[in-house]
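Chain and residue survey
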Amino acid sequence: MSRYVLKSVPFSTRIRASFGARELLDRDRKRAAKLIAGLSPHGPIRAARQRAVASPAVGDSIDVTDSGVTYTMSVGVGNPPTQYTLLIDTGSSNTWVGASTAYNPTSTSQNTGNTINVSYGSGTMSGNEYTDTVTLNTNLVIHNQSIGVASSAQGFSGVDGILGVGPADLTEGTVSNTTEVPTVTDNLYTQGLISSDSLGIFYEPSSTTDVTNGELTFGGTDSTKYTGQINYVPITTASPASNYWGIDQTVTYGNGTTLLNTTSGIVDTGTTLLLLATDAFQAYQQATGATLDKTTGLLTITEQQYAQLQSMYFNIGGVTYELTPNAQIWPRALNSVLGGQSNQIYLITSDLGTSSGSGLDFINGFGWLQRFYSVFDSGNTQVGLATTSYTDAETN
């Protein structure tokens, strides 16, 4: 077994749609509006002026609390470790526990005497800072990691806290007497546990909810999880996409309908759907013959139209990635999550809400990413993509 596999950790995916597809769409569009406005940059390239400004106000941050889809993993803290279920968040950088399961100090726990206060898009936490041993797996054991211990946490029902894997500058102003807090990823690197500042993400498309169906690889990639080779592209120079994990791509449908032509957008694990600029979305709707479902707000097609549905093609860095007809539809076994009809076919492509040319014309969200292996390489300011054994799967 390769060392990269040993540095991989499983995670579970949760769709946040207590009130159906309308809630998903609302979360996705509100998050998209913040991204288009350039709020809370958290990609590998962030403008110097953004680093110099004060932390965003409550409601202006872009983090796990406003995501339509969330990811959790079991993290051990202390020695012997207590296991906590933590939300993985690329949009914030503090790691903390105590929202549900109480913190259990052990011989490795040290109270720094500092306080911690973190505001999220729709949640807050406050408490005390400790340093402690953090165990991600048996080969990823971090010593003296800063850990927030919550005395108060709002908006985090069902989880114990957050594993923050965003850039360290997002911790500025969150811990008293501290300028910036080294993140979990920072300490993995400085303690020699990983050789690069990157995250590899693998999904297995699933037709059930709250299931362990993903793998996060710290500091490398897991070659058993993708097919062919990983192709890397630099972060786009177009703003505001350049503030995040921005790429340039051309999107076509079928044999020649161009939806977007060499334009900038982002790949985002916190967005549920595939969002396209309004004009591209309308062209897609016309090409597929889909109609807008009044109940869910999603595009829907008939069985006959599904039989005629063609692939979408995403040209990224000169490499074409095919999103098959099956990959373009919501898993039919999960239609109840949408509040939709069990026999209906819903499409995962939706309207971004702005016209193309804004500098952020698409968001390749979870629905797109789960068909590919992705690498978020902060050290080299690039995004990597590869096909997987599930790229062509008929799971939906």
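First things first, this report covers the structure right here in the doc. Residue positions are given per chain, counted from 1 along the sequence in the order it is written. At least 70 in pLDDT is required for a residue's local features to be given in this predicted model, at least 80 for side-chain atom pairs to be given and counted, and no such filter applies to totals for whole chains, interfaces and linings, which use all residues. Side-chain figures throughout are based on the complete set of non-hydrogen atoms in the structure, without hydrogens or water.

**A look at the overall build of the protein chain**
To be explicit about the condition: Numbering goes from the N terminus for both helices and strands, where a helix is a DSSP run of H or I of at least four residues and a strand is a run of E of at least two. Only C-alpha atoms enter the radius of gyration, while the globule expectation follows 2.2 Å times N to the 0.38, with N the number of residues. Buried means the residue's accessible area, taken with a 1.4 Å probe over protein chains only, is under 20% of the maximum for its type, while exposed means over 50%, and partly exposed covers the values in between. Contacts between residues were defined by any pair of non-hydrogen atoms, one from each residue, lying within 4.5 Å. The Shrake-Rupley method, run with a 1.4 Å probe sphere, supplies the accessible areas, and residue values consider only the shown protein chains as cover. Lys and Arg are tallied as positive, Asp and Glu as negative. Neither His nor the chain termini are counted. Just so you know, the charge point we use is NZ for Lys, CZ for Arg, CG for Asp and CD for Glu.
Counting its secondary structure elements, the protein chain contains 8 helices and 23 strands. Computed over its C-alpha atoms, the radius of gyration of the protein chain comes to 20 Å, within 12% of the 21 Å expected for a compact globule of 396 residues. Over its C-alpha atoms, taken along the principal directions, the protein chain stretches across nearly 65 × 45 × 40 Å. The buried share of the protein chain, taken over its 396 residues, is 59%. Counting only contacts in the protein chain whose residues sit at least 6 apart along the sequence, the fraction spanning at least 24 positions is 69%. Split by element, the accessible area of the protein chain, about 15,200 Å² in all, is 47% carbon and sulfur. Counting 17 positive and 30 negative side-chain charges, the protein chain places the averaged centre of each group 3 Å from the other.

**Digging into the packing of aromatic side chains**
Threshold: In summary, the pairing rule links any two rings of Phe, Tyr or Trp, Trp by its six-membered ring, whose centres are within 6.5 Å, and it sorts them by plane angle into stacked for under 30 degrees, edge-to-face for over 60 and tilted for everything else.
On inspection of all chains with the given rule, the structure shows 15 aromatic pairs. Between tyrosine 120 and phenylalanine 156, the aromatic rings sit 5.5 Å apart at their centres with planes inclined by 80°, giving edge-to-face as the arrangement. In this pair, tyrosine 120 sits in strand S5 (residues 110-120) while phenylalanine 156 sits in the loop between strand S7 (140-154) and strand S8 (161-164), placing the two residues 36 residues apart along the sequence. In this structure phenylalanine 156 comes out as buried when scored by relative accessible area, which is 6%. Relative to tyrosine 390, the ring of phenylalanine 202 lies with its centre 6.1 Å away and its plane at 50°, an arrangement referred to as tilted. One end of the pair, phenylalanine 202, is in strand S9 (residues 198-203); the other, tyrosine 390, is in the segment after strand S23 (382-387), and 188 residues separate them in sequence. Look at tyrosine 390 and you get partly exposed, because its relative accessible area is 22%.

**Some details on the environment of threonine 221**
Its location among the elements puts threonine 221 in the loop between strand S10 (211-218) and strand S11 (227-234). Relative accessible area serves as the criterion here: at 12%, threonine 221 is assigned to the buried category.

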